[in-house]
Amino acid sequence: MNHNLVSLVQARVSDPSKTFIEADDGRIFSYADAFKLAARFANTLVRLGVQPGDRVAVQLDKSPEALILYLGVVAAGGVYLPLNVGYTLAELEYFIGDAEPRVVVGRPKGAEELDALAARLGVAHCLTLGGKADGTLMDAIAGAADSFTPIERKPEDLAAILYTSGTTGRSKGAMLSHANLFSNAETLQAYWRYTAKDVLLHALPIFHTHGLFVATNVVLLAGASMLFLPKFDADQVIKLLPRATSMMGVPTFYVRLLEHPALNKDLVKHIRLFISGSAPLLADTHREWEGRTGHRILERYGMTETNMNTSNPYDGERIAGTVGFPLPGVSLRIADPENGTLLATNDIGMIEVKGPNVFQGYWRMPEKTKAEFRDDGFFITGDLGKVDDRGYVHIVGRGKDLIISGGYNVYPKEVETEIDGMPGVIESAVVGVAHKDFGEGVTAVVVKDKASPLDEAAVLKALEGRLAKFKQPKRVIFMDDLPRNTMGKVQKNLLRDQFKDLYK
Ligand code: MLC
Ligand code: AMP
């Protein structure tokens, strides 16, 4: 049997004429259209020499073609490597150098710089794909056949690599197999009851697990349709909600929609399910949403390395401030972070998970991979939580030094390294401070030489082009010293507390 994700998805399609994607410009792609275009991409990639296991890296604006390219790469046996459109050239250099893709596809804007970078790093082909079905990749597929039998793949063969930032230094490429993606999509489709009648409002980016795998793969397996927005825009979402049956979003989506005067029960009367994840949804937001719309948001918990681990129930009680139960097939336990001893119900410790959803390890980092698994195969998530008497999982904090801003992960170390390298800086600490829109706001606390003229604007200016916009501090604050404990470790909790009203 061929375990290629695309082959398994295609086997489920009962009505090829059904709409898969309706874009915001009115263009419609049926399932047949999408698979034909995917076939043309796959034929072209094979012609360009893509062999099973070769990486194809993309940094693209969201469009139906960009999403369908994912299916083309995977069908061709390639390993799809999506990159955040916010990444700067300096950041791309690391990802491309580390992953050694055979093909890179970028946006037409900035193509020369990417081309030069790719050439320097020995990439065989660098192509472009724009939001209006333009670019050199579209030229390259002009004569390609529109049928393609997905390349034979085993369950454990790689379908995608998604980079996640590392606590200390370099980003790690999480290797996801065909079976990781398929098994999780199958579970979620059934758990959340997606069917061909569903219309998902898709406003998430397509370079991360949430918008790419959770949303898209569930829709594909259900034979459902998507209303596809290039990005989240509260006005556009409000306009489209009456035509949708479901929406998936990060908490910022819900916070922003609650600020919209047009949000009311009537607007969402056809909606069956609102889902939130990627960052903690405040219990207040959950309650406010229910008051305004009558819907209890279903919160679930996942990560790049594992896809989805837990979910609040479809039928049972969705409890605000919890992430629900382990999904079918997923084992979850709470362990002592220091020694791995298992803890009792209601005790707070490290969340560890095991199941068909858990990734194959970090790309070319066997030591890092080993360090994040227990001997019995459980993955150490880095999230701190507990399981209550009723079996609901609560996330109560993070063992990893991570900031989640509007659903994007920012590792303080990366920002601190950039700031510490600036002339006049003695040291810095970057923390996530409560932010009413983004959940957490990246905040830099800097200690500088007394004589240095450095100010907030100068620090922010120096970070431009070095770090993606979403990683850049929303505020830079100068202090004489950083608070430290007796071990000399910076007490970031004190900083978070001191600046807790900064973004109110
Ligand atoms: C944009 N900006 C951000 C930001 N997004 N800053 C911090 N955090 C973010 N998330 C910058 C912009 O560049 C801009 O800078 C300024 O902040 C304000 O921009 P905006 O117009 O208000 O932002 P917008 O473009 O509307 O984007 C906000 C957002 C977006 C929340 C809609 O960030 C988003 O779609 N987030 C979803 C992330 C996601 O999909 N995560 C899933 C990861 S998977 P300036 O200076 O130019 O104005 C995962 C696993 C799992 O975690 O469990 O799902
Ligand atoms: P990423 O590495 O981008 O996949 O982010 C994964 C991290 O997001 C997890 O390890 C959690 O810390 C966090 N996360 C995802 N979903 C939730 C949620 N529902 N509540 C709290 N944190 C979440």
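Thresholds, definitions, all that
Residues numbered from 1 in each chain as written. Chains lettered and ligands numbered in written order. Predicted model: local features only at pLDDT ≥ 70, side-chain atom pairs only at ≥ 80, totals over all residues. Heavy atoms only, no water. Pairing = 2+ DSSP bridges. Helix = DSSP H or I, 4+ residues; strand = E, 2+ residues; numbered from the N terminus. Axes fitted to C-alpha atoms, helices over the stretch in contact; angles between N-to-C directions. Near = heavy atom within 4 Å. Polar contact = N/O pair within 3.5 Å; in protein donor to acceptor, adjacent residues only side chain to side chain. Areas by Shrake-Rupley, 256 points an atom, 1.4 Å probe, with all protein chains shown as cover. Nonpolar A, V, L, I, M, F, W, Y, C, P; charged D, E, K, R; others polar. Salt bridge = Lys/Arg side-chain N within 4 Å of Asp/Glu carboxyl O. Buried < 20%, exposed > 50% of the residue type's maximum accessible area, 1.4 Å probe, protein only. Parallel < 35°, antiparallel > 145°, perpendicular 65-115°, else oblique. Left-handed = near helix turned anticlockwise from the far one by under 90°. Contact = heavy atoms within 4.5 Å. Phe/Tyr/Trp six-rings, centres within 6.5 Å; stacked < 30°, edge-to-face > 60°. Lys NZ or Arg CZ within 6 Å of the ring centre and 35° of its normal.

A. Quick peek at the sheet that holds strand 22 (residues 425-435). The strand order across the open sheet built from 3 strands is 22-23-24, with neighbouring strands paired in mixed fashion. Since the sheet does not close on itself, it has two edges, and those belong to strand 22 and strand 24 (475-478), each with one partner. Neighbour to neighbour, the strand axes of the sheet diverge by 25° on average, direction disregarded. Pairing analysis gives 4 bridges linking strand 23 (residues 439-448) to strand 24, with the strands arranged parallel.

B. Summary view of the sheet that holds strand 17 (residues 349-354). Spatial ordering of the open sheet is given by 16-17-18-19, a layout of 4 strands whose pairing is antiparallel. Each of the sheet's edge strands pairs with one partner strand only, and the pair in question is strand 16 (331-335) and strand 19 (393-398). Strand-to-strand, the axes of this sheet are offset by a mean angle of 50°, without reference to chain direction. In terms of strand pairing, strand 17 meets strand 18 (residues 379-387) through 4 bridges, oriented antiparallel. What sits directly across from Glu352, in strand 18, is Ile380.

C. Representation of the site of ligand 2 in the model. Residues in contact with ligand 2 amount to 16 residues; listed here are only the nearest, Arg300, Thr304, Asp383, Lys400 and Asn409. Contacts to ligand 2 include Asn409, whose side-chain N or O atom sits 2.7 Å from an oxygen atom. The protein chains hide 92% of the 500 Å² of surface that ligand 2 would expose on its own. For the shell around ligand 2, the element with the highest residue contribution is strand 13 (residues 298-303), accounting for 5 residues. A per-class count over the shell around ligand 2 returns 7 nonpolar, 4 polar and 5 charged.

D. Geometry of the pattern of salt bridges. Counted according to the given criterion, the structure contains 30 salt bridges. The partner of Glu100 in a salt bridge is Arg364, with the nearest N and O atoms 2.8 Å apart. Of this pair, Glu100 sits in the loop between helix 4 (89-99) and strand 5 (103-106) while Arg364 sits in the loop between strand 17 and helix 12 (366-371); the two residues are 264 residues apart in sequence, bridging distant segments of the chain. A relative accessible area of 45% places Glu100 in the partly exposed class. Between Lys269 and Asp266 there is a salt bridge whose closest N-O contact spans 3.1 Å.

E. How the structure looks around the packing of helix 10 (residues 251-258) against helix 11 (residues 283-293). Between helix 10 and helix 11, whose axes approach to 10 Å, the crossing angle comes to 45°. One way to sum up the angle between helix 10 and helix 11 is to call them oblique. For the pair helix 10 and helix 11, the sense of crossing is left-handed. Contacts between helix 10 and helix 11 involve Tyr254, Val255, Leu257 and Leu258 from the former and Thr285, Glu288, Trp289 and Arg292 from the latter.

F. Quick peek at the site of ligand 1. Neighbouring residues of ligand 1: 24 residues in total, closest Arg256, Ser278, Arg300, Ser405 and Lys469. One of the side-chain N or O atoms of Lys231 is found 3.2 Å from an oxygen atom in ligand 1. Measuring from an oxygen atom of ligand 1, one finds a side-chain N or O atom of Arg300 at 2.7 Å. Protein contact buries 75% of the 1000 Å² of open area that ligand 1 shows by itself. When contributions to the shell around ligand 1 are tallied by element, the ones reaching two or more residues are helix 8 (209-222), helix 10 and strand 13. The residue makeup of the shell around ligand 1, split by class, is 10 nonpolar, 9 polar and 5 charged.

G. View of the packing of aromatic side chains. Under the definition given, this model contains 19 aromatic pairs. With a centroid separation of 4.9 Å and an interplanar angle of 65°, the aromatic rings of Phe359 and Tyr362 are classed as edge-to-face. By the ring-pair criterion, three or more aromatic residues cluster together here, those being Tyr87, Tyr94, Phe95 and Tyr163. When the ring centre of Phe378 is taken as origin, the NZ or CZ atom of Arg333, which lies over that ring, is 3.7 Å away.

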